[in-house]
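Here's the letter readout for the chains.
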Amino acid sequence: MSSTVSVTRSDNIAVVTIDNPPVNALGYNLRKPLHDALGELRDDATAEAIVVTCAGRTFIAGADITEFGKPMQAPSLPDLIEMLESIKKPTVAAIHGTALGGGLELALGCHFRVADAGAKLGLPEVKLGLLPGAGGTQRLPRIVGPEKAVRMVVSGNPIGAAEAHADGLVDAVCSEDLVDNAVALAKEKVASGAALVQVRERDQKLVEARNDLAALDAVIADATKKARGLEAPLICAQSVRNAVTLPFEEGVAAEREFFIKLVTGEQSAAQRHLFFAERQAAKVDGVGKDVKPRPIRKVAVIGAGTMGGGIAMSFVNGGIPVTVLEMNQDALDRGFATISKNYDISVSRGSLSEEAKAKRLGLLSGVTSYDDLADADLIIEAVFEEMAVKKDVFGKLDAVAKPGAILASNTSYLDVDEIAASTKRPGDVVGTHFFSPANVMRLLEIVRGKQTSADVLATLLGIARVIRKVPVVVGVCHGFVGNRMLSARSAEAEDLLLEGALPQDVDKALTDFGFPMGQYAMADLAGLDIGWRTRKSLGTTAAIADSLCEEGRYGQKTGKGYYLYKDGSRKPEADPKVETLIEKVSAGRNLARREITAEEIIERTLYPMVNEGARILEEDIAARSSDIDIVWANGYGFPIGKGGPMFWADSVGLAKIVGRLEHWHSETGKDVYKPAKLLKDLAAAGKTFTAGA
Ligand code: T1G
């Protein structure tokens, strides 16, 4: 008996209960007593079968990620599974909650598995830049088949109990009395005296694949096509393929080699950083567990346009009823038609059932009067990005919303304090900055106004999980965290082109870095006319962007912008006319064009971004550098294998970044290059953002 493992008896069946909160992770403090207990029960004749179950909210959620990067203390997880497989009596895993990573691998070391109906089972190691390192890539394909195993291991996504049962991954599913059902199965297996077959010995599903490796390779190609510079997805696929072509022991040995390579690599360190950073971001000063969230039973969204529609979808996807307000029925009909079309696309892709689509649409209602918002608990406006319009909306909301309703603005730049001041309830006002498309992008910047109440923040942090968003609380400034740094990244956009680069050069440097899209392709997607309108209202200019707009080149929407989009294609193609236009503007400024390397492009786009991040930290707009990493990894496609801009800056070396910023500052005199004090201090002290000032 130990604090993490206890053994009880149910007649001739030993029940091993694991209790290692919060998620029964397989740290040394669990592995050692579990190994000892299983060893004793193996040799105890009075225990004719063994059930392994967990206390708390979930079955084992995997290895203890905090142990990675430190010397692994024996017994290792493979040692544990070897112990399980040495037991020549029925072993049954009783699974509830999530059996993930090493947790599922341990369960695969048992002869049988019983799952609660609500359980999920998966191997998510790829999301940490790893692969299953305790036989998962060798045992899983022996049960579900190599093709399914490739898709599960490369995506890292879990499957539900019913699917697992259909695949043979679990032997039974029950909606209650999980342990009793597991004990009953164990007793049945003891009574039947049937030969016990270990998962590692089950070869049938591999034989079929061996005869058609081309089919498996096609599945691998499809599953890994979005790896985009990440090592783990390709290695995961290769290791599962090894299960088909290599004997078990060799496959396991190769898997172990792969695991060591990945766990000691930079990409996994970056992705493990993001795993913990996402959880840290939800810990907000002044919003402790004692702060009670307000109940959110009904949400209202003002505006059924692209953002409003996406936001409404996010909430109904989470099972929360949404009332959408628009100026008139036509606008409502258009907005709902777009939402329905979006769901149809998901249905056609097989990622949404017809009944789920109908259920979600059933949670949506449309109104054209503010009075109909009186019973909403949370009201989010997604109207035109102009302060006067926002103030008008909040003035109306102040008049009709019930006491205690949370009034949120989806503004992406504007001053939430100024918006709050236009109401009599500034404590209920907050920013909820969603990212387009709002029903897809996971980031939610929660903009904390000076007077925003703690329970409003607690409510939004909680509701973010329900609608499967990643929340980061940010302070009020122009562009908050993400867009403020995006402005810094594109500050040099014009000069890079004027000095010699072409849009495709800059975008290639950024996509080779790992971004899904370069900044000019992104500008064409968003529409160049939006920025043009803003510049005209501010009396500012951008020679090249303005010239493009003057020629009606607004981007994808007009079939041409920085790039050409032939026949409605969304694929950007370099356009010689744009090169001529750029060269003309350069010549007009007597600028001799020169070759601009990818290295220079990265220095003049990403280093200013890091510098702006340092300023954001100095101004307490973000609570910690890892919050900034979460913003960029979830809202802007910063490559997760680099851990976010601040974690990446640490890997480059802050002293180097300061040196190059100072160089470009002396060359250009631009403020965006003036190193922030925090950055200089950390660099001078040989410190990093991630380790903290
Ligand atoms: N190790 C250490 N801590 C963990 C952990 C883990 N595996 N999983 C969660 N935590 C902590 C988490 O940091 C948080 O801490 C608390 O538990 C609650 O987590 C050899 C190599 C299980 C679905 O990748 O997906 O096995 O902030 O807020 O929302 O092949 O946690 O409270 O201090 O996320 O209810 C593979 C990771 C590991 C699963 C629960 N397993 N975890 O979600 O709670 S590698 C995973 C999750 C491996 C083997 C390989 C989720 C969850 P704190 P939470 P939740």
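The shown structure was predicted, so the numbers you read here are calculated from the model rather than taken from an experiment.

K.L.:
Is there a simple way to explain the site of the ligand in this structure?
P.N.:
As a matter of local geometry, the ligand sits amid 28 residues, with Arg57, Glu105, Arg279, Lys283 and Arg465 nearest to it. Contact between the ligand and Arg57: an oxygen atom at 2.7 Å from a side-chain N or O atom of the residue. Measuring from an oxygen atom of the ligand, one finds a backbone N or O atom of Gly133 at 2.8 Å. For the ligand, whose free accessible area comes to 990 Å², the fraction covered by protein is 76%. If you tally residues by element for the shell around the ligand, the top one is helix H12 (residues 266-281), at 3 residues. Of the residues belonging to the shell around the ligand, the class tally is 16 nonpolar, 5 polar and 7 charged.

K.L.:
What is the right way to read the packing of aromatic side chains from this model?
P.N.:
Aromatic ring pairs are reported here in terms of the distance separating the ring centres and the angle at which the planes meet. Enumeration according to the criterion identifies 15 aromatic pairs in this entry. Both rings, one in Phe513 and one in Trp648, keep their centres 5.1 Å apart while their planes meet at 85°; by these two values the pair is edge-to-face. In this pair, Phe513 is assigned in helix H21 (residues 503-513) and Trp648 in helix H28 (residues 645-652), connecting sequence segments 135 residues apart. A relative accessible area of 9% means that Phe513 is categorised as buried. Residue classification places Trp648 among the buried positions, given a relative accessible area of 8%. Pairing Trp664 with Tyr673 gives two aromatic rings, centres 6.5 Å apart and planes at 35°, and the pair type is tilted. The pair Trp664 / Tyr673 is uniform in exposure class, with both members buried. Put simply, the rings of Phe435, Phe513, Phe515, Tyr607, Trp632, Tyr636, Phe638 and Trp648 pair up and form one aromatic cluster. The ring centre of Trp532 lies 3.6 Å from the NZ or CZ of Lys536, which sits over that ring.

K.L.:
What's the story with the side chain of Arg142 in this structure? I'm lost.
P.N.:
In this fold, Arg142 is placed in helix H4 (residues 136-144). For the buried residue Arg142, which engages in no salt bridge, the nearest side chain bearing the opposite charge is Asp203, 4.5 Å off. A polar side-chain atom of Arg142 sits 2.8 Å from the main-chain carbonyl oxygen of Gln138.

K.L.:
How should I be thinking about the pairing of strand S11 (residues 322-325) in this particular structure?
P.N.:
In summary, the side chains of a regular strand alternate between the two faces of the sheet. Neither face of S11 is exposed, since Val322 and Val324 on one face and Thr323 and Leu325 on the opposite face are all buried. Relative to S11, strand S10 (residues 299-302) runs parallel, the two sharing 4 bridges. Considered in S11, the bridge of Val299 is made with Val322. In the classification by handedness, the crossover that spans S10, the intervening helix H13 (residues 306-317) and the parallel S11 is right-handed.

The rules behind each value
- Residues numbered from 1 in each chain as written.
- Predicted model: local features only at pLDDT ≥ 70, side-chain atom pairs only at ≥ 80, totals over all residues.
- Heavy atoms only, no water.
- Near = heavy atom within 4 Å.
- Polar contact = N/O pair within 3.5 Å; in protein donor to acceptor, adjacent residues only side chain to side chain.
- Areas by Shrake-Rupley, 256 points an atom, 1.4 Å probe, with all protein chains shown as cover.
- Helix = DSSP H or I, 4+ residues; strand = E, 2+ residues; numbered from the N terminus.
- Nonpolar A, V, L, I, M, F, W, Y, C, P; charged D, E, K, R; others polar.
- Phe/Tyr/Trp six-rings, centres within 6.5 Å; stacked < 30°, edge-to-face > 60°.
- Buried < 20%, exposed > 50% of the residue type's maximum accessible area, 1.4 Å probe, protein only.
- Lys NZ or Arg CZ within 6 Å of the ring centre and 35° of its normal.
- Lys, Arg positive; Asp, Glu negative; His and termini not counted.
- Salt bridge = Lys/Arg side-chain N within 4 Å of Asp/Glu carboxyl O.
- Pairing = 2+ DSSP bridges.
- Right-handed = clockwise from strand over helix to strand, strands pointing away.

Nothing here speaks to function; it is geometry throughout.
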